[in-house]
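Residue-level structure breakdown
Residues per chain are reported as follows:
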Amino acid sequence: MPSHPTPVLLLLPILLAGGACAGVATAQQATFQFSNSGQKIGSGGESVALGDLDGDGDLDAVVANGYTPPSVLVNDGTGSFTAFTGVLGDDISRSVALGDLDGDGDLDAMVANFNQPNTVWTNDGTGTYTFTNSGQALGNGSSRSIEFGDLDGDGDLDAMVANTIAKPNTVWINNGDGDFSQSPQELGNSSSISIAFGDFDGDGDLDAMVANFNQLNVVWTNDGTGTFTDFGQSFDIPYGYYSYSIALGDLDEDGDLDAMIANYGNPNVVWSNNGDGTFNPVQSFGSLYSSSVALDDFDGDGDLDAMIANGGAQDPHNSAWINDGLGNFSFVQELGNYDSTSVALGDLDGDGDPDALFTNGGFFSDPNTVWTNESDRDADGVLDDFDGCPDDPNKTEPGNCGCGTAETTVFGDLDCDGDYDADDIRLGMVEYGIVEASACPADLNADGEVDGQDLAAVLAAWGLPCGE
């Protein structure tokens, strides 16, 4: 069979796998929608952390349950979770952080406990989410949040703990094998709710932003050795209003870290970094009763969007907000009617876009919920069920590799042979009705011959919108 038609077919990625049909961002903003997966996973959750606990390549979760011991949620790879309790002890937990604390390549956990010392749990790495209490008792209880980062520049993960009931926040230095020593520093005396690390002043080390309950929020700058100094900027939230959560990211795409703060009793606020670690408020928006914020790119346009968890009987509606690329956010979707306490974003079902896991508790003790992102990555106006695949949720036959199975990591590899080539282009043309099916990949009109009529079919299809 002549081989010359193949180069012609390889000119078609702009029609079938690029341009208006691509699974990548284009000038036209893609659409997205979060759908409730229908799962009801426990109740009374207060915070959640995502990570691959069993080494199978998908994101599992740990939920701190507020008034009961933490639970481990094991993902089957499709975003369906099974809950296990007793894995991380029996203490009443308020928050959990995941990271490789002992340097053995798997994720360990530190749990902030209510009226009990905080605990460190080491993962045995066997893939059975088996954790062992290290025996450390860190602090004297009443902790609310934990953040990991290399604070002293020695290559391992240290910790900062936010403490409530007007106890100072504490810094814990890792000796490299998961054993922690308390730094003599005491950072503030507010009741703190949330901590976020980032290099605010551009000097290469991790600084800290702390959200305080009924007090002004504070930025602490690191000298590179894990010693922190109050930067002198307190975020001007009036006394009597409470900040519950902080998320950091380059929201206006100017190269530095900005902040979004979720407030309970006041609108949420976007704070723009001037590049030197000082922040200016640029937008206030949303519910007056927010408890958590997380950032990710929902629609594949390259900027960070925001998910807000809202709680309390006053306004139990979670919300998604879209970024215009300049740090200006607009409301796009309401998610559920729960008293939510926390939200985490990650690709839970393996289709390449961020999904959401909400913990729900508070007044109603609602079940924790998973919301799946159905995004239109090719901006054709139809929500894609799986990135890189035609807009048809029922396709499972050959020619739709990756649709629902994530068998391939090569974009456009419809025949699952590990590469993107003329065969994939042909399958795509058949899928969109441009040509008929044929056993001969280059026989576009299915007449049993590769000739000028096949080339004419290519030229006739060139530049058409997908699906025509």
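As the structure is a prediction and not an experimental result, all values here were calculated from the model.

1. A look at unusual backbone geometry
Within the chain, N115 stands out as a residue other than glycine whose phi angle is a positive 60°. In this fold, N115 is placed in the loop between β8 (108-113) and β9 (119-123). Phi is positive for E253, which is not a glycine, with a value near 55°. As for its position among the elements, E253 is in the loop between β19 (242-249) and β20 (258-264). With relative accessibility at 45%, the residue E253 sits in the partly exposed group.

2. Observations concerning the pairing of strand β15 (residues 191-198)
Burial of β15 is extensive: eight of the eight residues sit out of reach of the surface. Summarising the sheet, β15 and strand β16 (residues 207-213) pair through seven bridges and their orientation is antiparallel. Within β16, the residue paired with S191 across the bridge is F213.

3. Focus on the environment of P281
Looking at where P281 falls in the secondary structure, it is placed in strand β22 (residues 279-285). For P281, a relative accessible area of 53% translates into the label exposed. Separated by 46 residues in the primary sequence, P281 and F235 place their C-alpha atoms 8.7 Å from one another. Non-local contacts of P281, meaning those with residues more than four positions away in its chain, are made with V269, V270 and W271.

4. Section: the pattern of salt bridges
The full count for this structure, using the stated rule, is two salt bridges. Across the pair R94 and E46 runs a salt bridge whose closest N-O atoms are separated by 2.7 Å. Of the two residues, R94 is situated in strand β7 (residues 93-99) and E46 in the loop between β2 (41-43) and β3 (47-51); the sequence distance between them amounts to 48 residues. Both residues of the pair, R94 and E46, belong to the buried class.

5. Some details on the packing of aromatic side chains
Taken as a whole, this structure holds 12 aromatic pairs when the rule is applied. Consider the rings of Y244 and Y264, whose centres lie 5.3 Å apart with planes at 20°: the pair is stacked. Taken as a pair, Y244 in strand β19 and Y264 in strand β20 lie far apart in primary sequence, 20 residues in all. Taken as a pair, Y244 and Y264 share a single burial class, namely buried. Each member of the aromatic cluster is reached from another via a ring pair, and the members are F213, Y242, Y244, Y264 and Y289. Over the face of the ring belonging to Y244 we find R144, whose NZ or CZ atom lies 5.8 Å from the ring centre.

6. Structural notes on the sheet that holds strand β21 (residues 268-273)
Judged by pairing direction, the sheet is antiparallel, and its four strands sit side by side in the order β19-β20-β21-β22 without closing on themselves. Two strands close off the open sheet at either side, each with one partner strand: β19 and β22. This sheet shows a mean twist of 25° between the axes of neighbouring strands, independent of strand direction. Judged from the six bridges that link them, β21 and β22 form a sheet pairing that is antiparallel. Paired with V269 across the bridge in β22 is S284.

7. Quick look at the sheet that holds strand β12 (residues 158-163)
Strand order in the open sheet formed by four strands is β11-β12-β13-β14, with antiparallel pairing between adjacent strands. Looking at the sheet topology across the chains shown, the edges are occupied by β11 (143-149) and β14 (180-187). Strand-to-strand, the axes of this sheet are offset by a mean angle of 25°, without reference to chain direction. Two strands pair when backbone bridges link them, and strand β13 (residues 169-174) and β14 are joined in this way by five bridges, in the antiparallel orientation. Bridge pairing in β14 links I173 to S181.

8. Observations concerning the nonpolar core
Soluble globular proteins: nonpolar side chains tend toward being buried together. Of all hydrophobic cores here, the largest spans 15 residues; its most connected members are F34, M307, A356 and F358. The set of elements that each furnish at least two residues to this core consists of β1 (32-36), β24 (305-310), β25 (318-323), β27 (340-346) and β28 (355-360). Excluding residues within four positions of it along the chain, F34 makes contact with F298, M307, Q333, L335, P354, D355, A356, W371, T372 and N373. One finds A49, L53, V111 and F131 within the second-largest nonpolar core, a separate group that totals 13 residues.

9. A few points about the confidence of the model for the protein chain
In the predicted model, the protein chain carries a mean pLDDT of 79, and the fraction of residues at 70 or more is 71%. Counting interchain partners and residues more than four positions distant, the pLDDT-below-50 stretch residues 1-28 has 56 contacts. Low pLDDT, under 50, characterises residues 385-411; the predicted model gives this stretch 52 contacts beyond four residues in sequence or across chains.

Conventions we followed
- Counting restarts for each chain, with residues numbered from 1 along the sequence as it is written.
- pLDDT decides what is reported in this predicted model: residues at 70 or higher carry local features, side-chain atom pairs at 80 or more are listed and counted, and totals for whole chains, interfaces and linings draw on all residues regardless.
- Heavy atoms from the whole structure form the basis of all side-chain values; hydrogens and water molecules are not counted.
- Counting from the N terminus, the helices are the DSSP runs of H or I reaching at least four residues and the strands are the DSSP runs of E reaching at least two.
- Only protein chains enter the accessibility calculation, which uses a 1.4 Å probe; a residue whose area is less than 20% of its type maximum is buried, one above 50% is exposed, and one in between is partly exposed.
- In this analysis, strands are considered paired if DSSP registers two or more bridges between them.
- By definition, residues are in contact when any of their heavy atoms lie within 4.5 Å.
- Basic side-chain nitrogens of Lys or Arg form a salt bridge, by our definition, when they fall within 4 Å of a carboxyl oxygen of Asp or Glu.
- Side-chain rings of Phe, Tyr and Trp (the six-membered ring for Trp) are treated as a pair once their centres are within 6.5 Å; stacked means planes under 30 degrees apart, edge-to-face means over 60, and tilted covers the remaining angles.
- Sitting over a ring, as applied to charges here, requires NZ of Lys or CZ of Arg to be within 6 Å of the ring centre and within 35 degrees of the ring normal.
- Here, axes are lines fitted to C-alpha atoms. For helices the fit covers the stretch in contact, and angles between N-to-C directions go from 0 to 180 degrees.
- To define a nonpolar core, start from buried Ala, Val, Leu, Ile, Met, Phe, Trp, Tyr and Cys residues and group those joined through side-chain atoms within 4.5 Å.
- A score between 0 and 100, pLDDT records how confident the predictor is in each residue.

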